[in-house]
Amino acid sequence: MSKKLFNFKRKEGLQGYIFILPWLVGFAVFTAGPLLFSFGASFTNYNVTSQMDFVGIDNYKSLLMDDQLFWTSLYNTFYYVLFSVPLTTMGAILLSALLNQDVPGMRFFRTIYYLPAILSGVGVYLLWMQLLEPGTGMVNTVLSWFGIAGPNWLFDPNWTKPSLILMKLWSVGGSMLLYLASMQGVSKSLYEAAEMDGASRWKQFIHITIPMITPVIFFDIVTSLIGGFQIFQEAYVMSSNGDGGPVNSMLFYNLYMWKKAFETFDMGYAMAMSWILFIIVFIITIFNLKMAPRWVHYEGEEK
Amino acid sequence: MVKSKKLILLLLIALLTLSGCAGFKTKNTSEVEAEAGEKVVVDFWSFWGSEIRRPVIEKIVDDFNKSQDKIEVKHTFVPWGDIWTKELAAIAAGNPPDVVINENNGTALRGMKNQAMNLSKFLEKDDISDRFYPELWEATLYEEDSYGIPFNTDTRVLFYNKDAFEEVGLDPEKPPTTWAELEEYAEKLDQKNGNNYERMGFYPLFGIESDVWMLNANGSNFFDEDGSPVVHNDVNVETLNWIKSWKDKYGDNAVNAFKSQIDSQQGNPFFSGQLGMIVQTPTFYTQIRDYAPDLNFGVVELPEREEGSGHTSWGGGFVAEIPEGSNHAEEAWEFIKYLTDVEAQEYWAVKNFDNVANIEAAEKAAKSEEMPEKDQMVYQMAVENMENTLLTPVPTYAPDFMGLIKPEIDSILLGKKSAEQGLQDAQSAVEKLVEKNKK
Amino acid sequence: MNPSTKNKHKAAYFDSTKNRKKVLVSINFVLLAMGSLLILSPVWWMISTSLKTMTEVMQYPPTFFPAEWKWENYIRTWEAAPFTLYTINTVTITILVVAGSVIVNSFIAYGFAKIPFKGKNILFALVLSTMMIPGFVTLIPQYVLFSKLHWVNTYYPLVVPAFFGSAFFIFLLRQFYMTIPNELIEAAKMEGASHFYIWRKIGIPLIKPALATVAIFSFNGVWNDFLGPLLYLNDENLYTLQLGLQVFKGQMSTQWNYLMAGSLLVLLPVIVLFFIFQKYFIQGINLQSGNK
């Protein structure tokens, strides 16, 4: 009997490996090599074309001790992540809740809210630069209708990061897709039972919907954190060819890394930067994974 | 089951057709060579894709191809900015293009890092260095060897509104020559209506940034002959305080309002007489020509800080480089010679109203019949101003030093730091960077 | 309670809930409508800019509505570069990538979600880790790798990796798979089904909304991908749409109206697809999701 079980488990294990085989192969062929290379290069003064001498942990030491812009860029990035992740996650959930109703014209509404998420590319950033113009941009014009004097958005060092967060909120419809898909899976009978018990819509939302979609909330938070730490394109385009904005307020970690890699060609240094970021993000992700069982509810698993 | 069989069949057909598609054909370089036949193909990348510039460069390429039958130059447009990331990746992989247009302030750096090819071996046979403005040529040198051939450049000059001058009692033929005069004239030109400025005389940060003014004030760049940083000195403190005084006088609201109008090109207040004077590149004239043809304006070199300190101006520009690892360097060199020779350069200058690097071509363009009189006047002025123009190639031992200076300037102008303090901080930051890199 | 009173109570109960529902729906509608205006205004800006002449675009103060609606801008935009060719190129790449992404990732994710095997957690952590490396550092080594394979200036670097899974989609689908009750899987296993069979017959149908989401995200990703085509495509006749739009962005000045028109045109297929595909992840709001 136990032999049969053992064989079955082995067979199942084998099936598991087959299922993830495509990823393993892809990783081995396309990703592992470049990753190892970049890890190795972070201990050298690699500059792509003329040198690659071993320098030990000089790059790392230099970053942590001698480089004030390293800390500036880290601060800017943390700031951005700290505000954008909670705001966009909550925004997306609320939005999805609103869009999950049987309201006339729902298809149009969903398309409208999803629109910003697919408008990508340089054109959009340039568009927002126009919208955020202190004098005549649309944002300040609309604010003035309500008697609010809008700030100098992209020119005031205190407001540059909020400008980017605002821009991110505009495209909150992107993750709305995920939540909608997930809310679909929540059994109607649960809601009906709650209704019978006299629960208000709000209570239903808090006690049924939210717990049932925690797997996706978890996914959203983890990926938003990872993605937020990597913000680059916006800052590059919106701060005149990537100079980092007024008083370096938009010098995000990735932007600074890019400058080191492609403007001064300190590739080894830049690679060291990327591995430091990796460690930071890795720690945060592990933290998330550990905390997950406390609030993420997988219907399928008996956890 | 039938459905999935059909699907598989469709997939196979699709795959077969796809493999025939151009996008899925892999070629190695020798095959490409064979295809081109007898001619050597030179891969030329530029970022000139606009309606105006693209036809000009394409014609130059075409003329070169027609003029001989050994080399075929293939021009590809790669977007501005990203073109250099792509170039670097290609160099790393060992299959770079053969000619690339690059910014001249990084040429020496790229030479040092083995990204751009050392052109001495070609120059020994054809020394074309005296074709170009000396300042431009110097910028391409690293340890006395050239790594790029200058193609075009620009400068900064002062445009002023002659009618407005007359209106307020200034002599339209006597534009300001010193900073003090600049202030004085601007004061006269200012027209205030309550709290709003109906006309602003001048604002130093429209068109250029503080570092150009510091260049003008010092007559030199941030690094002295030994390579030590000179960021904090009395002249620079004075300069930044001077700029700040303009900012404080007009106030942020007025400045921002005017700035967005300037950015809108056609609504530039200079055209409507609402801005008396402005520093710009000579190509700004094309906007005047298109949007305000009747404007009575003048052009003059930048004022000097005080008499005798020099009308120093700043210029940028581009060069043609041969990336390290190119397989057709000889042929690339032939093309570059043509690209920077009188005929091609003059054509470029006239069609684009752009300052070119070739001295003879620039002077010919200024007298070209294809250019109307006004155009000629401005162009001539630009050519003459080359004497005053300094380039600022980045020092190879501290290429990203501006990233340390710029935030300090920002702080100073925002009033968060005194000019003295900010510049001192910048000085020590740059010194630290130089120390670090020299290790 | 006699039946008639019970019915009356029931009727009254449902009446009041119906009314409450109506009010909520209206509030909902109003909120959404107001929000839509906010969301759409930048889009309107794009549209109106695309219909202006360059002169009017540069006008100060800016106009909200174009003075003349220059529909011909769209034609001129299309003619500014071989956009038809670029469209075909982009469509080709996109179809391949989307097909690959949906199929392969759903396959891999099932493995991570429902099959116990040794080292699963470590490997999954590895998958997640690949998301945390900023793209730049692997940019050059990967380019060199593809160059050695002679894949530069072809579509291979843009298409092939999609058939080997992507961490983002694996993670996403794994989350959805984990909401499937284990009893279903166990029951099928009892009857001797292989995981392959379970994946096809149980897993996929139950996560259709997630698959549609992956399809849309993947489509977006490829359609709007700029860096990949930029790096790997050298011949202009292989360029994709996003790359083609760059001609309007010059060193000196940007051709705003054409750039906006182009961006909107490039956007159109995505919107249309999204609109159509909605039904796949909104499976009948009024029906009960049967299998659960």
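The structure presented is a predicted model; accordingly, all values stated were derived computationally and were not measured. (Residues numbered from 1 in each chain as written. Chains lettered and ligands numbered in written order. Predicted model: local features only at pLDDT ≥ 70, side-chain atom pairs only at ≥ 80, totals over all residues. Heavy atoms only, no water.)

**Describing the interface of chain A and chain B**
A common way to report how large an interface is uses the accessible area buried once the components associate.
Logical step 1: Of the residues lining the interface, 30 residues belong to chain A; the matching set on chain B comes to 27 residues.
Logical step 2: Summing the contributions of chain A and of chain B, the shared interface buries around 2400 Å²; its carbon and sulfur component is 55%.
Logical step 3: Three residues, Thr-49, Val-247 and Phe-265 of chain A, lead the burial of chain A against chain B; their summed loss comes to 23% of the area buried on that side.
Logical step 4: Joining chain A to chain B, the criterion identifies three salt bridges.
Logical step 5: If you look at where chain A meets chain B, you find seven residue pairs in polar contact (both at pLDDT 80 or more).
Logical step 6: Elements that contribute at least two residues to the side of chain A that touches chain B include exactly helix H2 (58-66), helix H3 (68-99), helix H13 (253-262) and helix H14 (267-295) of chain A.
Logical step 7: The element that contributes the greatest number of residues to the side of chain A that touches chain B is H13 of chain A, accounting for four residues.
Logical step 8: Classifying every residue of the side of chain A that touches chain B by side-chain character gives twelve nonpolar, eleven polar and seven charged. (Contact = heavy atoms within 4.5 Å. Buried area = accessible area lost by both parts, 1.4 Å probe. Salt bridge = Lys/Arg side-chain N within 4 Å of Asp/Glu carboxyl O. Polar contact = N/O pair within 3.5 Å; in protein donor to acceptor, adjacent residues only side chain to side chain. Helix = DSSP H or I, 4+ residues; strand = E, 2+ residues; numbered from the N terminus. Nonpolar A, V, L, I, M, F, W, Y, C, P; charged D, E, K, R; others polar.)

**A closer look at the interface of chain C and chain A**
Logical step 1: Contacts between the two partners involve 112 residues from chain C, matched on the other side by 101 residues from chain A.
Logical step 2: Roughly 9500 Å² is buried in total at the junction of chain C and chain A, and carbon and sulfur atoms are behind 74% of that figure.
Logical step 3: Broken down residue by residue, the surface that chain C buries against chain A is led by Leu-32, Met-132 and Phe-136 of chain C, which jointly contribute 8%.
Logical step 4: Linking Lys-189 of chain C and Glu-12 of chain A is a salt bridge whose minimum nitrogen-to-oxygen distance equals 2.5 Å.
Logical step 5: Taken together, the links from chain C to chain A amount to 16 residue pairs in polar contact (both at pLDDT 80 or more).
Logical step 6: For the side of chain C that touches chain A, the element with the highest residue contribution is helix H1 (residues 3-50) of chain C, accounting for 22 residues.

**Focus on the confidence of the model for chain B**
Logical step 1: Taken as a whole, chain B shows an average pLDDT of 88; of its residues, 91% reach a score of 70 or greater.
Logical step 2: For this predicted complex, the interface confidence reaches an ipTM of 0.84, while the overall pTM sits at 0.85. (pLDDT = per-residue confidence, 0-100.)

**Section: helix H8 (residues 167-177) of chain C**
Logical step 1: With ten of eleven residues buried, H8 of chain C lies mostly within the body of the structure.
Logical step 2: Those residues of H8 of chain C that sit buried are Ala-167, Phe-169, Ile-170, Phe-171, Leu-172, Leu-173, Arg-174, Gln-175, Phe-176 and Tyr-177 of chain C. (Buried < 20%, exposed > 50% of the residue type's maximum accessible area, 1.4 Å probe, protein only.)

**Remarks on the domain arrangement of chain B**
All names here are of chain B.
Logical step 1: For chain B, the assigned domains read domain 1 (38-153 + 316-391) and domain 2 (157-315 + 397-438).
Logical step 2: Inter-centroid distance (C-alpha atoms) of domain 1 to domain 2 is 30 Å.
Logical step 3: With 17 residues of domain 1 in contact, the opposing surface of domain 2 contributes 21 residues.
Logical step 4: Carbon and sulfur atoms supply 64% of the area buried between domain 1 and domain 2, which totals about 1600 Å² over both sides.
Logical step 5: The interface formed by domain 1 and domain 2 includes one salt bridge.
Logical step 6: Residue Arg-289 is joined to Asp-375 by a salt bridge in which the shortest nitrogen-to-oxygen separation is 3.0 Å.
Logical step 7: In this structure, the connection of domain 1 to domain 2 is made through eight residue pairs in polar contact (both at pLDDT 80 or more).
Logical step 8: Within the residue set of the side of domain 1 that touches domain 2, elements represented by two or more residues are helix H17 (373-385) and strand E15 (389-390).
Logical step 9: A total of seven residues in the side of domain 1 that touches domain 2 trace back to one element, the largest contributor, which is H17. (Domains from an automatic or database assignment.)

**A closer look at the pairing of strand E13 (residues 317-321) of chain B**
Residue and element names in this part refer to chain B.
Logical step 1: Of all five residues that make up E13, five are buried, and the element is covered over most of its length.
Logical step 2: Where burial is concerned, the two faces of E13 agree: the one with Gly-317, Val-319 and Glu-321 and the one with Phe-318 and Ala-320 are both buried.
Logical step 3: Bridge count for strand E3 (residues 99-103) against E13 is four bridges, and the pairing is antiparallel. The partner of Ile-101 across the bridge, within E13, is Ala-320.
Logical step 4: The sheet contact formed by strand E6 (residues 149-153) and E13 spans four bridges and is antiparallel. The residue bridging Thr-153 from the neighbouring strand is Gly-317, located in E13. (Pairing = 2+ DSSP bridges.)

**So, the sheet that holds strand E14 (residues 355-356) of chain B**
Through backbone hydrogen bonds, the strands of a sheet pair up, either in parallel or in antiparallel fashion.
Residue and element names in this part refer to chain B.
Logical step 1: Strand order in this open sheet of six strands is E2-E1-E3-E13-E6-E14, and the pairing throughout is mixed. Looking along the sheet, the strands with just one partner apiece sit at the ends: strand E2 (71-77) and E14.
Logical step 2: Those strands touched by helix H4 (residues 82-93) are strand E1 (40-46), E3 and E13, and its axis lies near 130 degrees from that of E3. (Axes fitted to C-alpha atoms, helices over the stretch in contact; angles between N-to-C directions.)

**As for helix H18 (residues 402-413) of chain B**
Note: α-helices contain 3.6 residues per turn, so residues at a spacing of three or four share the same orientation.
Logical step 1: The terminal C-alpha atoms of H18 of chain B lie 16 Å apart, and with twelve residues this matches the ideal 16 Å at 1.5 Å per residue to within 8%.
Logical step 2: Judged by how many residues are buried, H18 of chain B sits mostly within the fold: ten of twelve residues are covered.
Logical step 3: For H18 of chain B, the full list of buried residues reads Leu-404, Ile-405, Lys-406, Pro-407, Glu-408, Ile-409, Asp-410, Ser-411, Ile-412 and Leu-413 of chain B.
Logical step 4: For H18 of chain B, the secondary structure elements touched by its buried residues are H3 of chain A together with helix H10 (210-218), helix H11 (234-250) and helix H19 (419-438) of chain B.
Logical step 5: At the exit of H18 of chain B stands Gly-415 of chain B, carrying a positive phi of roughly 85 degrees. (Expected span 1.5 Å × (residues − 1).)

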